[in-house]
Amino acid sequence: MTDDPPDEIEVAYAWQSPLLPRILTIVAIVYFSAVGLDAIGSTLQTRLLPNVLTYFTQVAGLFPSAAVAVIDYRVEGWDCKASLWKEIDPRVDFPMDADSKENRFYRAMQFFRQRRPVMIALEEFLVDRHNARVQRAAQEVGVIGGIRTQSIRIPLPQPGNKVTPYERRPVASYPTEEHHYWYLTPLSRREERCSHPFTSSGDQG
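What you are looking at is a predicted structure, and each value in this text was computed from that prediction instead of being measured. (Residues numbered from 1 in each chain as written. Predicted model: local features only at pLDDT ≥ 70, side-chain atom pairs only at ≥ 80, totals over all residues. Heavy atoms only, no water.)

Participant: Lay out the overall build of the protein with the relevant residues and their values.
Facilitator: Scanning the protein from terminus to terminus reveals six helices and four strands. Taking as baseline every contact in the protein between residues at least 6 positions apart, the subset at least 24 positions apart corresponds to 68%. Total accessible area computed for the protein in this model is approximately 14400 Å², and 59% of it derives from carbon and sulfur atoms. (Helix = DSSP H or I, 4+ residues; strand = E, 2+ residues; numbered from the N terminus. Contact = heavy atoms within 4.5 Å. Areas by Shrake-Rupley, 256 points an atom, 1.4 Å probe, with all protein chains shown as cover.)

Here's what the structure looks like:
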């Protein structure tokens, strides 16, 4: 005995717009063009595309040559009382992967150290968090009015020589030629913050 065949055969088709292949082709062309431009050192793609997209195109030139130095990012705070720069440790405010280069502070400096809006946001965050700890007497450096970010290029030894494990040393212990400054809080904003030390940066005009 056999089953009777169904009156109608139902077939489920996946949704696919006739325009989908063309749209995907355009997206692929834009993406690979951006990757190619990044590979040859062009900045055209960063001017035409949003940052969130160009981030995913920076793959072709990640390792174009052997490294000659270890790059370590640091930040100093403007001590209002002493009127001088003192190193502060951002790891307390970025606890995830605090001692590795996957730390969010390192990532921000690596990719956005020349993007002023990002550095201003970083400044406000670090100043507010640091000064909040000062109020609780939980910070060695006093009230700060701004920050100064820098990268330190620590030369790697020649091939065959002993490689010393990384050790976080005070920023002042590195030779001057190894320092490269990226962002500096303007003097006017430092003075404003120092005159109102416990006002949130976001509340200032």
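Participant: Before we move on, can you summarise helix α5 (residues 116-135) with the specific residues and values?
Facilitator: Along its 20 residues, α5 runs 28 Å from first to last C-alpha, staying within 8% of the 28 Å computed at 1.5 Å per residue. For α5, the complete set of buried residues consists of Met119, Leu122, Glu123, Leu126, Val127, His130, Asn131, Arg133 and Val134. Axial view of α5: buried residues confined to an arc of 150 degrees, hence all on one face. Those residues of α5 that are exposed and angled more than 90 degrees off the buried face are Pro117 and Gln135. For α5, the secondary structure elements touched by its buried residues are β1 (69-79), β2 (84-88), α4 (104-112), β3 (144-155), β4 (179-184) and α6 (187-195). One or two steps after α5, the chain reaches alanine 137, where phi turns positive at roughly 55 degrees. (Expected span 1.5 Å × (residues − 1). Buried < 20%, exposed > 50% of the residue type's maximum accessible area, 1.4 Å probe, protein only. Arc of directions from axis to C-beta.)

Participant: Can you break down the packing of α4 against α5 residue by residue, with the values?
Facilitator: Contact geometry for α4 and α5: axes closest at 10 Å, N-to-C directions at 155 degrees. On the basis of their axis angle, the class for α4 and α5 is roughly antiparallel. Crossing hand, α4 versus α5: left-handed. In this structure, α4 contributes Phe105, Ala108, Met109 and Phe112 to the contact, and α5 contributes Val118, Met119 and Leu122. Class assignment of the residues belonging to the contact of α4 with α5 gives a composition of seven nonpolar, no polar and no charged. (Axes fitted to C-alpha atoms, helices over the stretch in contact; angles between N-to-C directions. Parallel < 35°, antiparallel > 145°, perpendicular 65-115°, else oblique. Left-handed = near helix turned anticlockwise from the far one by under 90°. Nonpolar A, V, L, I, M, F, W, Y, C, P; charged D, E, K, R; others polar.)

Participant: So, the sheet that holds β2: which residues are in play, and what are the values?
Facilitator: Read across the open sheet, the four strands follow the order β2-β1-β3-β4; overall the sheet is antiparallel. Of all strands in the sheet, those bounded by a partner on one side alone are β2 and β4. Ignoring strand direction, the axes of neighbouring strands in this sheet form an average angle of 35 degrees. Relative to β2, β1 is paired through five bridges, and the arrangement is antiparallel. Within β2, the residue paired with glycine 77 across the bridge is lysine 86. Strand contacts of α5: β1, β2, β3 and β4, with the helix running at about 115 degrees to β3, the strand carrying the most contacts. The sheet strands contacting α6 are β1, β2, β3 and β4, and the helix crosses β3 at an angle near 130 degrees. (Pairing = 2+ DSSP bridges.)

Participant: Tell me about the pairing of β3, and please be specific about residues and values.
Facilitator: Taken residue by residue, a regular strand's side chains alternate between the two faces of the sheet. For β3, the tally of buried residues reaches ten of twelve residues, placing the bulk of the element in the interior. Relative to β3, β1 runs antiparallel, the two being bridged by ten bridges. Bridge pairing links glycine 77 to isoleucine 147 in β3. Here β3 pairs with β4 via five bridges, running antiparallel. Following the sheet pairing, arginine 148 is matched in β4 by leucine 184.

Purely spatial values, then, with no claim about function.
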